[in-house]
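Chain by chain, the residues:
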Amino acid sequence: MKVRGQDMRVVWWSDDGIHYIDQRALPMRVEIGVARDVEEVARAIEVMAVRGAPLIGVFAAYGFALAARRGAALDAAYARLSGTRPTALNLWSGLDAVRAAAPNPCVMLAAARAYDDAGIAAAEAIGTHGLTLFRHGTRVLTHCNAGWLAVQDWGTALAPVYKAARAGLEPFVYVSETRPRLQGARLTAWELREEGVAHVVIADSAAAHLIQRGQVDLVLTGADRVAANGDAANKIGTYSRALAASAHGVPFYVAAPLSTIDRAITTGAEIPIEERPEDEVLTVEGVDDSGALVRVRVTPAGTKALNPAFDVTPHRLITGIVTEVGIVPASDRGIAEAFRRAADATRPGGRGGATRG
Ligand code: MRU
């Protein structure tokens, strides 16, 4: 990905610590943060300076390698990092990839880099497979941010959009704002502007209306965790889009790498749903006329709020899951098929898994 014309990753290792684009400052400013120890890595995830399922996996992987470099106790570091957010499976897949290389700090760092690079390759492959869903001028509705701010270099749901744009298909994106943290309005809209992809931001409550009026050809979202039966947890509000899409015969696809699929759980009911601070609902943040970032309360003083950060879309509402090994049905068999293709691809003489299911 390019930010202001410069090749960049959202998270990168350097000898003084792990650098990251602080997503809390976007779209107003591009600010670079540095996490110099495990506690700073954990805090950056908790406050969502670094966010998005695959990205927190990569950041935690580097964070664990940093713990080894600093001579920290590895069990304590693993516990601290894995306790930062409960829903996205990638947090554990990133940590486990690096733990498998312990205890040598150099080998652990190499494992973190390999995990990072594999995630980029998977995201690009998701883009290639997802491109088959696009025709000229396809109007896609997405929710939250599943672009290159959430997954190094490509994104998941936005990877096919970027591929379509580069192929000259001129996709159009409806960006739902995604209250309460506004990942759509703040992050996805910024990314799409940087990439020159046509889009409009819509209020969350406008999505079903547009789907009903036939203005949306395709709904495409990311996922934080997919169960073995294809149920998918993603940002709160995803389920209501899937319901609307199903009611009006609009295809609803989830784009996710295999590192997001939790085969240890059978259904989405077992996915832990993060509850975030009520302040995120009671207030809104934006810039004032002087460009200063301000947070204002939008509810009466003393009002309470409930803030579940994710919901689960049942597999029956999902047309297919776009993975790095192809598009598979959202079902036990579809998920098993995806892992079979991945295993095939790693066998000598394997087919590389590049088929569409
Ligand atoms: O709370 P966030 O911003 O970390 O949630 C992110 C999402 O829900 C994304 O849609 C999901 O991680 C998929 S990103 C490829």
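Not measured: the values here are computed from a predicted model.

## Overview of the sheet that holds strand β5 (residues 32–35)
- The three strands are arranged β3-β4-β5 in an open sheet whose pairing can be described as antiparallel. Each edge of the sheet is formed by a strand with only one pairing partner; in this case those strands are β3 (11–14) and β5. Sheet twist, expressed as the mean angle between neighbouring strand axes with direction ignored, is 25 degrees.
- Lying on the sheet, helix α2 (residues 53–69) is in contact with β3, β4 (17–21) and β5; it crosses β3 at an angle near 15 degrees.

## Details of the site of the ligand
- As a matter of local geometry, the ligand sits amid 19 residues, with Arg51, Arg85, Asp224, Asn234 and Lys235 nearest to it.
- Contact between the ligand and Arg85: an oxygen atom at 2.8 Å from a side-chain N or O atom of the residue.
- Separating an oxygen atom of the ligand from a side-chain N or O atom of Asp224 is a distance of 2.8 Å.
- The set of elements that each furnish at least two residues to the shell around the ligand consists of α2 and β11 (232–235).
- Counting the residues that make up the shell around the ligand, at least three belong to each of domain 1 (7–123) and domain 2 (128–346).

## Quick word on the domain arrangement of the protein
- What the domain assignment lists for the protein is domain 1 (7–123) and domain 2 (128–346).
- Relative placement of domain 1 and domain 2: their C-alpha centres are 22 Å apart.
- In this assembly, 34 residues from domain 1 lie in contact with 37 residues from domain 2.
- Overall, the association of domain 1 and domain 2 removes approximately 2,900 Å² of surface from exposure, summing both partners, and the carbon and sulfur fraction of that is 57%.
- Counting across the domain 1 and domain 2 interface gives one salt bridge.
- Viewed at the interface, domain 2 and domain 1 are joined by 18 residue pairs in polar contact (both at pLDDT 80 or more).
- Elements represented by at least two residues in the side of domain 1 that touches domain 2 include exactly α2, α4 (90–99) and α5 (105–130).
- In the side of domain 1 that touches domain 2, the residues fall into 22 nonpolar, five polar and seven charged.

## Regarding the sheet that holds strand β18 (residues 326–328)
- Strand order in this open sheet of seven strands is β8-β7-β6-β9-β12-β17-β18, and the pairing throughout is mixed. The sheet is open, and its two borders are formed by β8 (198–202) and β18, each paired with just one other strand. Here the average twist between neighbouring strands, direction ignored, is 25 degrees.
- Strand direction decides the pairing type here: strand β7 (residues 172–176) and β8, joined by five bridges, are parallel. Within β8, the residue paired with Phe172 across the bridge is Ala198.
- In this fold α5 packs onto β12 (252–255), β17 (320–323) and β18, with an angle of close to 135 degrees to the strand it touches most, β17.
- Across the sheet, helix α11 (residues 332–346) lies against β17 and β18, angled at about 155 degrees from β18, the strand it touches most.

## Topic: the environment of Phe339
- Residue placement: Phe339 occurs in helix α11.
- Each C-alpha atom, one on Phe339 and one on Val284, is 41 Å from the other, the two residues being 55 residues apart in sequence.
- Excluding anything up to four places from it in sequence, Phe339 contacts Leu258, Ile261 and Arg263.

## Notes on the packing of aromatic side chains
- Scanning the entire structure with this criterion turns up five aromatic pairs.
- Where Trp13 meets Tyr62, the ring centres are 6.2 Å apart and the plane angle is 35 degrees; that geometry is what we call tilted. Of this pair, Trp13 sits in strand β3 while Tyr62 sits in helix α2, and the two are 49 residues apart along the sequence.
- A relative accessible area of 9% means that Trp13 is categorised as buried.
- For Tyr62, a relative accessible area of 3% gives the class buried.
- Taken together, a centroid distance of 5.7 Å and an interplanar angle of 75 degrees make the contact between Trp148 and Trp190 edge-to-face. With Trp148 in the loop between β6 (139–143) and α6 (158–166) and Trp190 in helix α7 (residues 183–195), this pair connects stretches of sequence that are 42 residues apart. With respect to burial, Trp148 and Trp190 carry one shared label: buried.

Criteria and thresholds
Residues numbered from 1 in each chain as written. Predicted model: local features only at pLDDT ≥ 70, side-chain atom pairs only at ≥ 80, totals over all residues. Heavy atoms only, no water. Pairing = 2+ DSSP bridges. Helix = DSSP H or I, 4+ residues; strand = E, 2+ residues; numbered from the N terminus. Axes fitted to C-alpha atoms, helices over the stretch in contact; angles between N-to-C directions. Contact = heavy atoms within 4.5 Å. Near = heavy atom within 4 Å. Polar contact = N/O pair within 3.5 Å; in protein donor to acceptor, adjacent residues only side chain to side chain. Domains from an automatic or database assignment. Buried area = accessible area lost by both parts, 1.4 Å probe. Salt bridge = Lys/Arg side-chain N within 4 Å of Asp/Glu carboxyl O. Nonpolar A, V, L, I, M, F, W, Y, C, P; charged D, E, K, R; others polar. Phe/Tyr/Trp six-rings, centres within 6.5 Å; stacked < 30°, edge-to-face > 60°. Buried < 20%, exposed > 50% of the residue type's maximum accessible area, 1.4 Å probe, protein only.

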